Amino acid sequence: MAIQHRQSGMLTIENEDFHLRKARLADADAVAEVARRSRKHFLPYLPDLHTLEEDKAFFRAVVLKDNDVWLVEVENEIVGFCAFKDGWVEHLYCLPAHVGKKLGSMLLTIAKEAHPHLQLWTFQKNTRAISFYRRHGFMQVKQTDGSGNEERMPDILFEWRKP
């Protein structure tokens, strides 16, 4: 992965320009749309429990207020984000066309630099995410039958500790 840093805060990765920045409350709707589009593409087996408007309200009222949220943009469009707080990665999503470009790794690195210990949940069926988190040093702590999550889907708790 060839990364070039520029004065403007832009990064060039594999000949594409990306900008990393901290999210603002005004970004909530776009962040919610990235999460929704990513979930529909990569997790089509999940029930669709909320409307887009409900998702936007949740991201405005909860996610962007209670978490550090970092974005990655290309040509002023938000294409990925990571929301984390107090030792938890709450959300990490990239638009399908931008997966596999190391953007998720960069976003996760920001969370890992901010906290010496992180935990996160992912669904057992989400083998792509499981592989991604294992590559980044996360270890499985436990599995559940999903009775404790809104989707009622079996999930896995992962944990990472700074060496």
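Structure first, text after, so check above.
This report concerns the structure included in the present document.

This part covers the overall build of the protein chain. Assigned secondary structure in the protein chain consists of four helices and nine strands. When the helices and strands of the protein chain are placed in sequence order, the string is β-β-β-α-α-β-β-β-α-β-α-β-β. Taking 163 residues into account, the globule formula puts the C-alpha radius of gyration at 15 Å, and the protein chain, at 15 Å, falls close to it. Expressed along its principal axes, the backbone C-alpha trace of the protein chain runs to roughly 50 × 40 × 25 Å.

Inspection of the entire model under this criterion finds six aromatic pairs. For the ring pair Phe58 and Phe59, a centre distance of 5.8 Å and an interplane angle of 90 degrees mean the geometry is edge-to-face. Residue Phe58 is classed as partly exposed on the basis of its relative accessible area of 38%. A relative accessible area of 5% places Phe59 in the buried class. Taking 5.9 Å as the distance between ring centres and 45 degrees as the angle between the ring planes, the aromatic pair formed by Phe81 and Tyr93 counts as tilted. Placement of the pair is Phe81 in strand S5 (residues 77-85) and Tyr93 in strand S6 (residues 88-94), with a sequence separation of 12 residues. Tyr93 shares its class with Phe81; the two are buried. Within the aromatic cluster, the residues linked to one another by ring pairs are Phe58, Phe59, Phe81 and Tyr93.

Before going further, it helps to examine the environment of Asp48. Tracing the backbone shows Asp48 in the loop between helix H1 (28-42) and helix H2 (52-66). Look at Asp48 and you get exposed, because its relative accessible area is 51%. Excluding its chain neighbours within four sequence positions, the residues that come into contact with Asp48 are Arg36 and Lys40. Within polar-contact distance, the side chain of Asp48 engages the side chain of Arg36 at 3.3 Å.

This paragraph deals with the pairing of strand S9 (residues 155-161). Where burial is concerned, most of S9 is hidden: five out of the seven residues are buried. Pairing of strand S8 (residues 139-144) with S9, which is carried by five bridges, proceeds in the antiparallel orientation. Residue Gln140 lies in a different strand from S9, and its bridge partner there is Phe158.

Strand residues, when the strand is regular, have side chains that alternate between the two faces of the sheet. With five of seven residues buried, strand S4 (residues 68-74) is to be regarded as a mostly interior element. In the sheet, S4 pairs with S5 via seven bridges, with the strands oriented antiparallel. Across the sheet, residue Leu71 finds its bridge partner in S5, namely Phe81. Here S4 folds back onto S5 in antiparallel fashion, the turn holding two residues, of which Glu75 has a positive phi close to 50 degrees.

Further remarks concern the nonpolar core. Formed by 41 residues in total, the largest nonpolar core has its most connected members in Phe59 and Phe81. Excluding anything up to four places from it in sequence, Phe59 contacts Ala28, Val31, Ala32, Ala35, Leu64, Phe81 and His91.

With that settled, the discussion passes to the environment of Trp121. Of note, Trp121 is situated in strand S7 (residues 117-123). Setting aside chain neighbours within four positions, we find Trp121 in contact with Trp88, Lys142, Thr144, Asp155, Ile156 and Leu157.

Criteria and thresholds
Residues numbered from 1 in each chain as written. Predicted model: local features only at pLDDT ≥ 70, side-chain atom pairs only at ≥ 80, totals over all residues. Heavy atoms only, no water. Helix = DSSP H or I, 4+ residues; strand = E, 2+ residues; numbered from the N terminus. Rg over C-alpha atoms; globule rule 2.2 N^0.38 Å. Phe/Tyr/Trp six-rings, centres within 6.5 Å; stacked < 30°, edge-to-face > 60°. Buried < 20%, exposed > 50% of the residue type's maximum accessible area, 1.4 Å probe, protein only. Contact = heavy atoms within 4.5 Å. Polar contact = N/O pair within 3.5 Å; in protein donor to acceptor, adjacent residues only side chain to side chain. Pairing = 2+ DSSP bridges. Core = buried A, V, L, I, M, F, W, Y, C linked by side-chain atoms within 4.5 Å.

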